[in-house]
Amino acid sequence: MFLNQRRNALCADAMPVTIISRHAGMDAALLARAENMAERLLVLSGRSKFQVNIVFTGDEELQQLNQHYRSRPEPTNVLSFPFMEGAAASLAKLPIKELGDIIISVDRAEAETLLFGESLHRRLSWLMVHGLLHLLGYDHEKSAEDADIMYAKEQELLRQTDTFRRTKMAHLAINVDHVATIRQARGITEPDPVTAAAICELAGAEGIVVHLREDRRHIQDRDVRILRETVQTKLNLEMGAAREIIAIALDIVPDMVTLVPEKRAELTTEGGLDIVGQKKKLAQTVARMNKSNIPVSLFIDPDLEQVKASLDIGATFVELHTGTYADAADEKERDRQFELIRVAAEEAHLLGLRVNAGHGLNYTNTAAIAALDCIEELSIGHAIISRAVFSGLDKAVRDMRAIIERASYY
Ligand code: PXP
């Protein structure tokens, strides 16, 4: 039985990695981070156009496979099954070249975390590296020399994944709340944020964001439910950690949620979450989401303590708050705020968190943030919807994407 199967669900132009989980210990955070790590490994090993399947399962299945294919009675931590042996795979004239399957025992990995004093994510990463190298023809069982070569390659690849940088442009996720704000001003049915989301996607947006506020000032429950059905890229539900909204998220199961602090009187989100100060409560919410296969992003100020605390409570992503950078009164302060974002993004990335950024980004201040190549995605609303009033939504999205694309590559 597949407990969960993810096929590039979190990344529209992701590398061809298919992750299959048959182990209850693999929650959404571990799966999303494993998928990200597998994509890095494909790029770093020069196989970005290849397909790899990774199965997370338990000792029982590994034991059966080990017995069946290698006549060994004991379970093992990882087994690799190449689609084709050796050079044949590279030469095959297939549109997507299959590397093969990597089967990992999460039971073994969990036991080995104690042995090696590593996190489960780190241990699974090592097992993926090991399995991938077997698919590429490395074999430590052939001779002592082969073992040394494979070991050195493993270390090198793992080191490179730590400092791996985005190889594609940052993604643009568009917040369509303000389309709903206009609708609610009249209390009628137009303009519809669902239509806006479709136009954004047609213009190239890689994700749609909506904030279901407790006071329902703009986005309504009906919007989120329809968007769940219609969004073709990725639906990111922004929300406060309130009981009623958590229940809706668990029912709808968006592609991810972004937890934000929410105050009734605020005009917009005013700052990042204090993860350090609310660790216990937020950890519970993150765990509930992860258990329901919903990866969580935490909206935080660019502060290293908040970054570390986000990792501690099981987040997959952090979204770095760029509002203070955007609102800086002068250039000196903007540079200072930018530096905080740069350092926090680097640190989060190094810890294995995936990094997004947003708030207050517009057509003049976005390029600098998009150029930070460990930031995966930018979440932008107000500036794009404002410009759409004059230029049309399609053009407003394409213009912002062009800025991000230029900044990503130069
Ligand atoms: N990210 C988060 C967490 C937000 O709360 C918002 C505002 O809803 C945004 C990004 C988008 O901000 P803006 O509308 O200023 O682009």
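Visitor: What should I look at first to understand the packing of aromatic side chains in this one?
Guide: Here the distance between the centres and the angle between the planes together describe a pair of aromatic rings. Applying the stated rule across the entire model yields two aromatic pairs. Here the aromatic rings of Tyr-325 and Phe-338 are separated by 6.2 Å at their centres, their planes lie at 50°, and the arrangement is tilted. Remark: Phe-338 occurs in helix H14 (residues 331–350) and Tyr-325 occurs in helix H13 (residues 323–326); sequence separation between them is 13 residues. As far as the burial class goes, Tyr-325 and Phe-338 line up, both buried. The aromatic ring of Tyr-325 is capped on one face by Arg-334, whose charged end is 5.6 Å from the ring centroid. Sitting above the plane of the Tyr-363 ring, Arg-387 keeps its charged end 3.7 Å from the centroid.

Visitor: Quick question: what am I supposed to make of the domain arrangement of the chain here?
Guide: Often, the extent of an interface is quoted as the loss of accessible area upon association of its parts. If you check the domain split of the chain, you get domain 1 (17–162) and domain 2 (171–409). Contacts between domain 1 and domain 2 engage ten residues on the former and 14 residues on the latter. Buried surface at the junction of domain 1 and domain 2, summed over both partners, amounts to about 920 Å²; 48% is from carbon and sulfur atoms. Summed over the three residues of domain 1 that lose the most area to domain 2, namely Ala-28, Arg-33 and Asp-162, the buried surface amounts to 46% of that side. Where domain 1 touches domain 2, the interface holds zero salt bridges. Our count for the contact surface shared by domain 1 and domain 2 stands at five residue pairs in polar contact (both at pLDDT 80 or more). The element that contributes the greatest number of residues to the side of domain 1 that touches domain 2 is helix H1 (residues 28–44), accounting for eight residues. Among the residues forming the side of domain 1 that touches domain 2, the class breakdown is four nonpolar, one polar and five charged.

Visitor: Looking at this structure, how should I read the site of the ligand?
Guide: Neighbouring the ligand are 14 residues; Glu-238, Thr-269, Glu-319, Gly-360 and Gly-381 lie closest to it. Contact distances for the ligand include 2.5 Å between a nitrogen atom and a side-chain N or O atom of Glu-319. Interatomic distance of 2.8 Å between a backbone N/O atom of Gly-381 and an oxygen atom of the ligand. The fraction of the free accessible surface of the ligand (400 Å²) that becomes covered by protein chains is 93%.

Visitor: Could you clarify how one ought to interpret the pattern of salt bridges in this entry?
Guide: Between side chains of opposite charge, a pair can form when the charged atoms approach closely. A complete count under the given rule lists 27 salt bridges for this structure. Through salt bridges with shared partners, one network takes in Arg-183, Asp-192, Arg-222 and Asp-223.

Visitor: Just checking my understanding: could you explain the environment of Arg-123 for this structure?
Guide: Along the chain, the position of Arg-123 falls in helix H5 (residues 120–135). Overall, the relative accessible area of 5% leaves Arg-123 in the buried class. Separated by 15 residues in sequence, Arg-123 and Arg-108 have C-alpha atoms that sit 9.7 Å apart. In this structure, Arg-123 is in contact with Ala-109, Glu-112, Thr-113, Phe-116 and Glu-118, ignoring residues within four places of it in sequence.

Rules of the game
- Residues numbered from 1 in each chain as written.
- Predicted model: local features only at pLDDT ≥ 70, side-chain atom pairs only at ≥ 80, totals over all residues.
- Heavy atoms only, no water.
- Phe/Tyr/Trp six-rings, centres within 6.5 Å; stacked < 30°, edge-to-face > 60°.
- Helix = DSSP H or I, 4+ residues; strand = E, 2+ residues; numbered from the N terminus.
- Buried < 20%, exposed > 50% of the residue type's maximum accessible area, 1.4 Å probe, protein only.
- Lys NZ or Arg CZ within 6 Å of the ring centre and 35° of its normal.
- Domains from an automatic or database assignment.
- Contact = heavy atoms within 4.5 Å.
- Buried area = accessible area lost by both parts, 1.4 Å probe.
- Salt bridge = Lys/Arg side-chain N within 4 Å of Asp/Glu carboxyl O.
- Polar contact = N/O pair within 3.5 Å; in protein donor to acceptor, adjacent residues only side chain to side chain.
- Nonpolar A, V, L, I, M, F, W, Y, C, P; charged D, E, K, R; others polar.
- Near = heavy atom within 4 Å.
- Areas by Shrake-Rupley, 256 points an atom, 1.4 Å probe, with all protein chains shown as cover.

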